[in-house]
Amino acid sequence: MEMGVVIGLLAFTVFLFVSEIIRIDLAALLVLVLVGIFSYLPGLERLADVTHLFDGFASNAVISIIAVMIVGAGLDRTGIMNKVAAAILKYGGTTEGRVLPIVSGTVGVISSFLQNVGAAALFLPVVSRISTRSGIPLSRLLMPMGFCAILGGTMTMVGSSPLILLNDLVLTANTSLPDGQKMAPFSLFSVAPIGAALIATGILYFLLLGRWVLPGSSGASEVTTGRGTAEYLQRVYGLHANVFEVDVPEDSPLVGQILADINNENNLYIISTFYRGKASMIQILTAEIAAPCRLAIIGGKSEVEQFADRFGLTMRPELDVFAEEFAPTNAGIAELVIPPDSKLIGKSPRDLLLRKTYGLSLLAIHRGEETLSHVKTEEHEPTQIGLVAFQAGDMLVAHTRWDNLMRLKRDRDFVVVTADFPQDELRPHKVGWAVFFFVVSLSLILFTDVRLSLCLLTGAVGMILTRVLNIEEAYRAVGWNTVFLLASLIPLGQAVQNTGTAEWIAQQILFVLHGWPAWALQAGVAILATVFSLVMSNVGATVLLVPLAVSIAVAVGADPAVFAMTVAISTSNSFIIPTHQVNALIMGPAGYKVTDFIKSGGIMTILFLVVSLIMLNVVF
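Residues numbered from 1 in each chain as written. Predicted model: local features only at pLDDT ≥ 70, side-chain atom pairs only at ≥ 80, totals over all residues. Heavy atoms only, no water.

A. Summary view of a nonpolar patch on the surface. Judged by side-chain polarity, Leu-204, Leu-207, Leu-208, Leu-209, Trp-212 and Ile-603 come together as a nonpolar surface patch covering roughly 590 Å² of accessible area. In terms of residue count, the dominant contributor to the nonpolar patch is helix α9 (residues 192–213) (5 residues). Position of Trp-212 among the secondary structure elements: in helix α9. Judged by its relative accessible area of 54%, Trp-212 falls in the exposed class. (Patch = residues over 30% accessible without salt bridge, like charges linked within 9 Å, V, L, I, M, F, W, Y side chains within 5 Å. Areas by Shrake-Rupley, 256 points an atom, 1.4 Å probe, with all protein chains shown as cover. Salt bridge = Lys/Arg side-chain N within 4 Å of Asp/Glu carboxyl O. Helix = DSSP H or I, 4+ residues; strand = E, 2+ residues; numbered from the N terminus. Buried < 20%, exposed > 50% of the residue type's maximum accessible area, 1.4 Å probe, protein only.)

Here it is, written out as structure tokens:
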């Protein structure tokens, strides 16, 4: 009866996940409740120990996920992840075919030493920024990244929990084996060729078949930061302008001219300069142009082209050195209103040194039904807005960094109208503490036997104590839907094991395979481990199946070490449904459905089985 109930609950869970009648985190909670209630019924007492029904919320895996999300948020708050995203975009460009292998390969290598969910959580903000800046839909990047994080766990013996556990299980199994068949423990990089082949397979799979198996439109979007700015200005204020990058050579007649004069005479707006390897927003319009340099200019395309021709400048096809500065995650167009009691009334932007004092590069003043701007429009001639005195009710349209805008929200001289921008203040001065506690956590994981969750919590608490982020920000960093999804499914996995259901299923399948050749039995063990890892913890599946696999290998004269390794590797083959920690982590941010995992993960599961079985027999 207990086995029948467990199998029924498994089928019900899969149905809820696939149909998505209710959210999958709510479905997991419902299954948790059903497991608990059924355990009180006569004859079903072994289904779950109700006094430990909620232990999943304090499990090593769940606490590790909470901690790694906080650690990742701390690193992100210092701006490190922005720099990582910028470096990837610099070498990978903005096309899916180049960004995807760089991101996925990097995460795969990192997850071979750091637990795969940790690697995925750390790179989640990086991939989000790459998506925003490149125009590639997030759903096109997160699944390849997540799958490669799982695959990367097969590259070393510390990459995943089953591989960490395997040597202990091997030593236990050796006690019942004759001397000639005892297995030698595996070294740290014993599985490296297998993991490398699996990561390469995952990357090639998404590169070749991604357009069909990944949700969302294929290829990079045509909307870049500059174009987005132009569209906004045109739609709201009638400003026909874009952001262009131009090179100024040393012999250009522009050298030595005053910025304010250049803007006024050419109907454009020089908003930033790149000189001697450093990009910076222009703060004082009375400064002179020095060369060789690059300029970021807001203006109409024809005006900027004429300007470039007149002064011997080279116009670039897209933003290069200014791509980071103009990234939507760092800066953008903001709207601010001058309130009636502002002390700025009656003063002009030049009087106030608006750029230097407030970090605002003023593009336009919207007054009543009129828009005043440096840039020529269809309705109005250009205006020297730097000399226009502010009036109460003026709407200022300015380009600014978001951290500057956050400070202006506390300034009573402005009312910040723009609300849709990243409002988490970056703390680059805390980068030292963030890196220190990240290294501490990583060192504890790699070089000690301290429990994984405690290693990661050490880093998380350290970042909070040193104010890399505050406790409220730490709470917000946690994806609680992921936490509840995983914690609620743990009792079901324990029920599968406690009631003997898993062992019974394994025995029935192996009975059917009796008499088959060794390679077929090995494939059967791999498939069994794959199925079990979808409905119970991969550690539980490994503990259960390794002794069975060793017994089968001995019975047919095969290498028991290869069969044991087959189980440990195959329990990472968890791509079809979002029960794996990494899949649960990426599901919310990318808006994936369970059917997306079935579609993409189904083929990946088959490829994993084929490649891993071939490599296991080649290597061992």
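B. Looking closely at the pattern of salt bridges. Counted according to the given criterion, the structure contains 10 salt bridges. Close ionic contact of Arg-23 with Asp-25 constitutes a salt bridge, the shortest N to O distance being 2.4 Å. A residue is classified by how much of its surface remains accessible, and Asp-25, at 12% relative accessible area, is buried. Across the pair Asp-247 and Arg-316 runs a salt bridge, and its minimum N-O distance is 2.8 Å. One end of the pair, Asp-247, is in strand β1 (residues 242–248); the other, Arg-316, is in the loop between β5 (314–315) and β6 (331–337), and 69 residues separate them in sequence.

C. Seen up close, the packing of helix α3 (residues 60–77) against helix α19 (residues 480–498). Between α3 and α19, whose axes approach to 10 Å, the crossing angle comes to 170 degrees. One way to sum up the angle between α3 and α19 is to call them roughly antiparallel. Taken together, the residues of α19 that come into contact with α3 (itself represented by Val-62, Ile-65, Ile-66 and Met-69) are Trp-480, Thr-482, Val-483, Leu-486, Ala-487 and Ile-490. The residue makeup of the contact of α3 with α19, split by class, is 9 nonpolar, 1 polar and no charged. (Axes fitted to C-alpha atoms, helices over the stretch in contact; angles between N-to-C directions. Parallel < 35°, antiparallel > 145°, perpendicular 65-115°, else oblique. Contact = heavy atoms within 4.5 Å. Nonpolar A, V, L, I, M, F, W, Y, C, P; charged D, E, K, R; others polar.)

D. Molecular detail of the nonpolar core. Within the largest apolar cluster, 139 residues are counted, with the highest numbers of intra-cluster contacts made by Val-103, Ile-130, Leu-142, Leu-166, Phe-532 and Met-565. Each residue touching Leu-142, except ones within four places of it in the same chain, is listed here: Leu-124, Val-127, Ile-586, Pro-589, Ala-590 and Tyr-592. Counting residues in hydrophobic clusters, the runner-up holds 34 residues, among them Phe-326, Leu-372, Leu-405 and Val-416. (Core = buried A, V, L, I, M, F, W, Y, C linked by side-chain atoms within 4.5 Å.)

E. Highlighting the sheet that holds β6. Ordered in space as β8-β7-β9-β6-β10, the 5 strands form an open sheet in which the pairing is antiparallel. Looking along the sheet, the strands with just one partner apiece sit at the ends: β8 (370–373) and β10 (415–416). Alignment of β6 against strand β9 (residues 395–401), held across 7 bridges, turns out to be antiparallel. Its bridge partner being in β9, Glu-335 is matched across the sheet by Val-397. (Pairing = 2+ DSSP bridges.)

F. Just the pairing of strand β7 (residues 361–367), in detail. The element β7 is extensively covered by neighbouring structure, given that 5 of its 7 residues are classed as buried. With 5 bridges joining them, β7 and β9 adopt antiparallel strand pairing. Note that in β9 the partner of Ile-365 across the bridge is Leu-396. Here β7 pairs with β8 via 4 bridges, running antiparallel. Note that in β8 the partner of His-366 across the bridge is Thr-371. Where β7 folds back onto β8 in an antiparallel hairpin, the turn is made up of 2 residues, including Gly-368, whose phi is positive at roughly 65 degrees.

G. Representation of the confidence of the model for the protein chain within the structure. Of all residues in the protein chain, 93% attain a pLDDT of 70 or more, and the chain-wide mean is 83. The secondary-structure element of the protein chain with the lowest mean pLDDT is helix α10 (residues 225–237), recorded at 58, while α9 shows the highest, at 94. Within the model, pLDDT remains below 50 along residues 217–227, and this stretch shows 23 contacts once partners closer than five positions in the same chain are excluded. (pLDDT = per-residue confidence, 0-100.)

H. Structural context of helix α24 (residues 581–590). Among the 10 residues in α24, 7 count as buried, and that is most of the element. All buried positions along α24 are accounted for by Val-582, Asn-583, Ala-584, Leu-585, Ile-586, Met-587 and Ala-590. Phi turns positive, to about 70 degrees, at Gly-591, one or two residues after α24.

I. Molecular detail of the environment of Val-554. You can see Val-554 is positioned in helix α22 (residues 538–556). By relative accessible area, Val-554 is classed as partly exposed at 29%. Along the chain, Val-554 and Ala-529 lie 25 residues apart, while their C-alpha atoms are 18 Å from each other. If sequence neighbours within four positions are ignored, Val-554 has contacts with Leu-177, Gln-181 and Pro-560.

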